[in-house]
Every structure is written in structure tokens, then in C-alpha cells.
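Architecture at a glance
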Amino acid sequence: MLSGSDTGIGHALAKYLDSLGFVVFAGVLNKDGPGAEKLRRTCSQRLSVLQLDITNASQVKEAYLTISEKVQNAGLWGVVNNAGILGFPADGELLPMSTYRHCMEVNFFGAVEVSKTFLPLLRKSQGRLVNMSSMAGGIPLPRYAAYGASKAALSMFSGVMRQELSKWGIKVVAIHPSGFRTGIQGTAEQWDKQEKELMEKLPADTRQAYGEEYLLGLRNYLLHLPSHCAPDLSPVLGAVLHALLARRPQGLYTPGKGAYVPLCIFCCFPLWFYDFF
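Residues numbered from 1 in each chain as written. Predicted model: local features only at pLDDT ≥ 70, side-chain atom pairs only at ≥ 80, totals over all residues. Heavy atoms only, no water.

1. Examining the pairing of strand E2 (residues 48-51)
- With four bridges connecting them, strand E1 (residues 25-28) and E2 associate as parallel partners. Looking at the pairing, Phe-25 lines up with Ser-48 of E2.
- Where the polypeptide runs from E1 across helix H2 (residues 34-42) and back to E2, its parallel neighbour, the crossover connection is right-handed. (Pairing = 2+ DSSP bridges. Helix = DSSP H or I, 4+ residues; strand = E, 2+ residues; numbered from the N terminus. Right-handed = clockwise from strand over helix to strand, strands pointing away.)

Below you can see the structure in the form of C-alpha cells.
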């Protein structure tokens, strides 16, 4: 079972696992949306599309009951918590509290809700819990305070669950991809709404401290963000597949260019050196 299958990594992963012969339960935010329709049209009959807003406890429970009925005593082999949001990338002081809360609600609390709900099925199969964190969840990155904090919380949750669930043979994995071109970057309409909220709530002294030129530059940073992201999702798909199938999966995967080296520098060097880097 995987969440966030409407677009990006989740959508590609659902199609990839289906092509390999997996029985896939693809959770989507909108079961009538274009992503869900494309999965129904292009994938095999093994794939089931489920309405799954991970911030909606009743939808999570309904998905659990639907899957339980289908797998019965066999249990469920894998849960991939992929659904996530980026939030407007801006300095932590500039971000409204609503951005922090929304990132935590989706990226952390939603994933915890799904994990806790589906653990009885994973216990039956001694299966896998795979949490899609981020490079920003392992190292501090400027302009990603809200997103990074929520992903760091998810990574810590993964680590604790890995220790606690090992007695039942359940393997827990965190994946920290570097920048990939996915649906998480959002649409121009979404960014316009978030940028408007950000600008309207800025106190006058904060606006003056940063300067209009800097604030306008945030939009340019956002527009150029996809050009710095890799279009080929295969490293992430390969990492998830290994996490699901390997006899001894790694506790942490860092797929993508530039994900591993900054993490090593952050862990092994003095903080002043990492900040300079």
C-alpha cells in the first residue's frame, strides 16, 4: 500500500511495482482526479485505487478495512508513506505558522496515522514500513525550515519504529532522496496563493529587514527550482524496491545525486564547516 499516488514519485512507484507483478493498493488524494484515472487506465487489474487523504482519519481507517478484507490472514507486505507537501520555500522567519502546521499535518502526523493503522497487517506478514523522508530531513537546508522539520520528525519516527518493531520481524526504512522533479513542487496557482499569504502576514519591520528585492527573489528561486531537480526517478524507485524486497534492507537510503555527501559532511565535520559548505 502506498500513499500519494496521484503524481510524482508515488504515481511512478505505483506503475513500477504493478509492472513487476506486485498487488498494489494505490492511495490517492482524489480518486476522481487525472492521476487516479491514469493509473486505472494504464495499470493491470491487480492495482486498486483507494481514496486516501492521510490527514483524514476516517479515510485511513476505511482504506485499512478495504485492504484487510482483500488480504485477510496473509497480511500486507509493505506500507510506503509517500504522500507529502513542500510548502513555500522561504526563510523560516518569513513563513506563516499555517505553513509549519500544514507540513507537519501531512508529512509527519499523516504518515504516523497511516503507520499506526496498518501495523497489525504488517505484523501478520513480518513486512516492511517505508517512509519517504527527504534530504532536508537529515541536514539543515536554507529556506526549508517547515518542510525540513516535518521530514526530520518523520525520519526520527522511522528510527524509533525500526528499533521497536524489530521484535516482530517488521523492517522499517527511511528514504532521503535528493532533489527530484515531482508533483511536490506544486502549481503556479498554489504558489501564488501561498506567496500572497506570506506577504500579507509579514510585519513591516521584517519586510524592511529583508528588503523588497530579496522577497521578490523568492519567486525567482521557486521558478528555477525544477531546473535543479533530476527528472529521472529511477534511483528512488530502485531504493524503494530494495527496501521492500531485500532480506536485510538498509535503515536509510539516500538516492540521487548530492544526497549522501552533504549528510556525511554534516555528521562527520564541525558544524561551522557544514554551514560554510
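Still to come is the rest of the account.
2. Remarks on the domain arrangement of the protein chain
- For the protein chain, the domain assignment lists domain 1 (2-184 + 231-274) and domain 2 (186-228).
- Measuring from the centre of the C-alpha atoms in domain 1 to the corresponding centre in domain 2 gives 27 Å. (Domains from an automatic or database assignment.)

3. Thoughts on the sheet that holds strand E3 (residues 78-81)
- Strand order in the open sheet formed by four strands is E3-E4-E5-E6, with parallel pairing between adjacent strands. Every interior strand has two partners, whereas the edge strands, E3 and strand E6 (252-253), have only one.
- Running over the sheet, helix H4 (residues 97-125) touches E3 and strand E4 (128-132) and is turned about 175° from E3.
- Packing against the sheet, helix H9 (residues 234-245) makes contact with E3, E4, strand E5 (171-175) and E6, and its axis sits at approximately 155° to E4. (Contact = heavy atoms within 4.5 Å. Axes fitted to C-alpha atoms, helices over the stretch in contact; angles between N-to-C directions.)

4. Remarks on the packing of H4 against helix H5 (residues 145-164)
- Put simply, H4 and H5 touch, their axes get as near as 8 Å, and they point 20° apart. Considering the angle they form, H4 stands roughly parallel to H5. Here H4 and H5 pass one another in a crossing that is right-handed. Packed against H4, whose contacting residues are Thr-99, Tyr-100, Cys-103, Met-104, Asn-107, Phe-108, Ala-111, Val-112 and Ser-115, the element H5 presents Ala-145, Ala-146, Tyr-147, Ala-149, Ser-150, Lys-151, Ala-153, Leu-154 and Phe-157 at the interface. (Parallel < 35°, antiparallel > 145°, perpendicular 65-115°, else oblique. Left-handed = near helix turned anticlockwise from the far one by under 90°.)

5. Things to note about the pattern of salt bridges
- As enumerated under the stated definition, the model contains four salt bridges in all.
- Here Lys-31 makes a salt bridge to Asp-32, at a shortest N to O gap of 3.8 Å.
- You can call Lys-31 partly exposed: its relative accessible area is 37%.
- Ionic pairing is found between Glu-37 and Arg-40, a salt bridge with its closest N-O pair at 2.8 Å. Placement of both Glu-37 and Arg-40 in helix H2 is noted, with a separation of three residues, approximately one turn of the helix.
- Given the relative accessible area of 37%, Glu-37 is considered partly exposed.
- Overall, the relative accessible area of 38% leaves Arg-40 in the partly exposed class. (Salt bridge = Lys/Arg side-chain N within 4 Å of Asp/Glu carboxyl O. Buried < 20%, exposed > 50% of the residue type's maximum accessible area, 1.4 Å probe, protein only.)

6. Here's the deal with unusual backbone geometry
- A positive phi angle, near 50°, is found at Gln-72, a position not held by glycine.
- Along the polypeptide, Gln-72 turns up in the loop between helix H3 (57-71) and E3.
- Overall, Gln-72 belongs to the exposed group, its relative accessible area being 52%.
- Even without a glycine there, the phi angle at Gln-126 is positive, about 55°.
- Along the polypeptide, Gln-126 turns up in the loop between H4 and E4.
- Using a relative accessible area of 47% as the deciding quantity, one classes Gln-126 as partly exposed.

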